[in-house]
Amino acid sequence: MTTVLAIDQGTSGTKAVVVDESGEILALSEVAVRPMYLSGGGVEQDPEALLDSVLRAGRTAVAEAGAEVDIVTLANQGETVLAWDPDTGAALSPMIVWQDRRAESVCAELRDHAGDITRRTGLVLDPYFSAPKQAWIRRTLTREGVVTTSDSWLLHRLTGEFVTDASTASRSLAVDLDSAAWDPELLDLFGLADERLPRILASDDVTGTTTAFGGTAAVGGLIVDQQAALVAQRCLQPGEAKCTFGTGAFLLANTGTEAVRSTAGLSSSVAWQQGGQTSYCLDGQVYTAASAVRWLEKLTFIDTAADLDRVAADDADGVLCVPALAGLAAPWWRPDATATFTGMTLSTGSEHLVRAVLEGIAAQVAELARAMSADLGSPLQRLRVDGGLTRSRGLMQAVADLMRVPVDVYPSQHATPLGAAALARCAADPSLTLDEAIVPWSPSQTYEPQWSDDRAAEFSGRWRAVAESLS
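Residues numbered from 1 in each chain as written. Predicted model: local features only at pLDDT ≥ 70, side-chain atom pairs only at ≥ 80, totals over all residues. Heavy atoms only, no water.

Visitor: So what's going on with empty space enclosed by the protein? Residues and values would help.
Guide: Under the definition given, this model contains 3 cavities of 30 Å³ or more. Ser130, Gln134, Val147, Thr148, Thr149, Thr164, Thr168, Ala169, Ser172, Trp182, Leu197 and Pro198 are the residues that line the largest cavity. Among the elements that take part in the lining of the largest cavity, strand 9 (residues 146-149) stands out by supplying 3 residues, more than any other. By residue class, the composition of the lining of the largest cavity is 5 nonpolar, 7 polar and no charged. By volume, the second largest cavity amounts to about 50 Å³. Lining the second largest cavity are Ala131, Gln134, Val147, Ala174, Trp182, Leu187, Leu192, Glu195 and Leu197. Grouping the amino acids of the lining of the second largest cavity by side-chain chemistry returns 7 nonpolar, 1 polar and 1 charged. (1 Å grid on protein atoms, 1.4 Å probe; cavity = no way out; pocket = protein on both sides within 12 Å on 5 of 7 lines; lining within 4 Å. Points joined across faces, edges and corners; volume = space filled by probe spheres on them. Helix = DSSP H or I, 4+ residues; strand = E, 2+ residues; numbered from the N terminus. Nonpolar A, V, L, I, M, F, W, Y, C, P; charged D, E, K, R; others polar.)

This is the structure:
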C-alpha cells in the first residue's frame, strides 16, 4: 500500500494532498503565494516564501491525514528560474516567474537561430521558457552559484540532490526534444555552456529521500504541473486533450511516443517518461486567465471569481476583448501585445466587459485548439478541463461554443497533484502501469456547444481579426 504526499507548487499558491492507495484524498492543505508584478514585464517570487509554502502545506496535510507517507512528489511551475548556492542551498536571486518578459533581449539576439532552436527543441524562441531567463539572470543579477528551474532548488532543499525531470528540462530551450538530453550547442547559444546542470530523471524515478515532512519518505514522480494534469485526466492516447484554467490557461494534447514538430506555432514537449518510454505532447498557452479575472477584481467590476456568472451579461452586446494583459503566447508569440476592448458604445456597462473577458479567454483557447488540430491532422473530439475557473459556467460554455466540442469538467480541483501522485505510485511500484496508477474519474459536468456553427464562425472571425491586429 502506497500513501503519497503530492505537492503542487504553483504561481499563486502551493497545494499539498495526501492520497491513499485507493485514490482517496486523506488531507488537503493550501498556502497562498503572491507573485510580484514589476514594471517592464518583470514577475518575481520570493524563493524562501515559496519553500516555506511547500513545507507548511506538506506538513499540515501530513498532520491532518494522520498517515505515514511512503513517497513525496513535486509538480512544479516548469519555466520559473533562480540562482542559488549549491553548497548552502541559499537563494542568490529572486524567482523569475514564467510570465516574466525581461529576457526578450536575450531572445532578440538569437533570432537568426530561431528556426534551428525550434527544430531541436520543439519550442518557439521566447522568454516564456527557462533558458532565456537563466541567461538574463547571469547577465543582470549574479554570476554566482548555479542557475536552474525552481524544482531543482526545491528538491535540493528537500533531498540534497541536484536533479530535474525530463518534462521540466524539455521546457528550457536547451534540451534536444528527441533525446530529452541537454544539448551542448544550445547551451552555448544561451551562454550557459559552463553551467553546472542538474541530472535529468524520468518521471517514475526515485530521486532520493526527505525527512522534511516527518519520518523518512522517498521522493519521486516528478513532473511539470501542466503535464501532471494531463496524466490525472487520463489523456494517455494521441489526440486526447485537456485545458487547465489557472493563472493562465494551458491546452495540452498527447501525441504518443512521437515528438510532433508544430507548424502552427505551438510547443512540443516531453509529457512524461515512464516505464522506459517517453511520451510527448503539444501545448499552447493563454498567459492570463485567472490573472485576467483578478484584474477585473482590481477594477471592482467583480468582488471575486465567484461573481463572474452573476455579473456577466448574457451577451457582450458587440464588445470584444483580447485579454493580452501579459502579451500573447501561441500561436502569435507577441510578448509586446497588450489587452484591448473594441465595440464599446455609451450603452456598454461593466457586465458587458466581464462577458467579453470570459469570451476572450475562451477565444484564445479555441485558437489554440484550431492550431493543435492542424498539427495533429484531425480535429480534437472533446476537451477535458480542470482548474478554479471551471466553476464559471459562462466561461466553460463559451469554450464549448467556440471549440465546437463537448467540454468535460474534471470532478476535483486537484488534478495536478493527483497526476503527480499517479507517477509517484509508479516510482514506488515499478510493476504498475500509468493507467493503473491514475485515480478513476467521470465528469462532474459536460458542456455541449449551444451556438450555431455560423455564430461561432462569425465571432471567431471578428475576434481573430482584432487579435491579429495586435500582433
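Visitor: How would you sum up the sheet that holds strand 17 (residues 241-245)? Please name residues and give values.
Guide: What the 7 strands build is an open sheet, ordered 19-20-18-17-23-24-25; its pairing is mixed. A strand with exactly one partner marks an edge of an open sheet, and here the two such strands are strand 19 (267-274) and strand 25 (445-447). The sheet shows a mean angle of 30° between the axes of neighbouring strands, taken without regard to direction. (Pairing = 2+ DSSP bridges. Axes fitted to C-alpha atoms, helices over the stretch in contact; angles between N-to-C directions.)

Visitor: So what's going on with the packing of aromatic side chains? Residues and values would help.
Guide: Taken as a whole, this structure holds 11 aromatic pairs when the rule is applied. When the ring of Tyr128 is compared with that of Phe129, the centres are 4.9 Å apart and the planes differ by 70°; the resulting orientation is edge-to-face. Phe129 sits in the buried class, given a relative accessible area of 0%. Within the aromatic cluster, the residues linked to one another by ring pairs are Trp98, Tyr128, Phe129, Phe250, Tyr287 and Trp333. Over the face of the ring belonging to Phe162 we find Arg196, whose NZ or CZ atom lies 4.5 Å from the ring centre. (Phe/Tyr/Trp six-rings, centres within 6.5 Å; stacked < 30°, edge-to-face > 60°. Buried < 20%, exposed > 50% of the residue type's maximum accessible area, 1.4 Å probe, protein only. Lys NZ or Arg CZ within 6 Å of the ring centre and 35° of its normal.)

Visitor: Talk me through the pattern of salt bridges; I want residue IDs and the actual numbers.
Guide: Within the structure shown, the criterion is met by 26 salt bridges. Close ionic contact of Glu48 with Arg157 constitutes a salt bridge, the shortest N to O distance being 3.3 Å. With Glu48 in helix 1 (residues 47-65) and Arg157 in helix 5 (residues 150-159), this residue pair connects regions lying 109 residues apart in the sequence. If you follow the salt bridges from partner to partner, you end up with Asp116, Arg119, Arg120, Asp183 and Glu185 in one network. (Salt bridge = Lys/Arg side-chain N within 4 Å of Asp/Glu carboxyl O.)

Visitor: I'd like to hear about the layout of surface pockets, residue by residue, with values.
Guide: Here the largest pocket is characterised by a volume of approximately 1200 Å³. Ranked by residue count, the leading element in the lining of the largest pocket is helix 9 (residues 290-298), at 4 residues. Tallied by class, the residues present in the lining of the largest pocket amount to 16 nonpolar, 19 polar and 13 charged. Roughly 380 Å³ of volume is contained in the second largest pocket. Within the lining of the second largest pocket, the residues separate by chemical class into 10 nonpolar, 7 polar and 4 charged.

Visitor: Outline the nonpolar core, listing residues and values.
Guide: Grouped together as the largest cluster of nonpolar side chains are 113 residues, with contacts concentrated most on Phe190, Phe245, Leu383, Leu395, Val399 and Met403. No other element matches helix 11 (residues 350-376), which puts 14 residues into this core. Excluding its chain neighbours within four sequence positions, the residues that come into contact with Leu383 are Ala241, Lys242, Cys243, Leu251, Val399, Met403, Val405, Pro406, Val407 and Asp408. (Core = buried A, V, L, I, M, F, W, Y, C linked by side-chain atoms within 4.5 Å. Contact = heavy atoms within 4.5 Å.)

Visitor: How would you sum up the pairing of strand 3 (residues 25-32)? Please name residues and give values.
Guide: Sheet topology places strand 2 (residues 13-19) next to strand 3; 7 bridges connect them, and they run antiparallel. Counterpart to Ala16 in the pairing with strand 3 is Ser29. A loop of 5 residues connects strand 2 with strand 3, the two strands running antiparallel in sequence, and Gly23 in this loop sits at a positive phi of about 95°.

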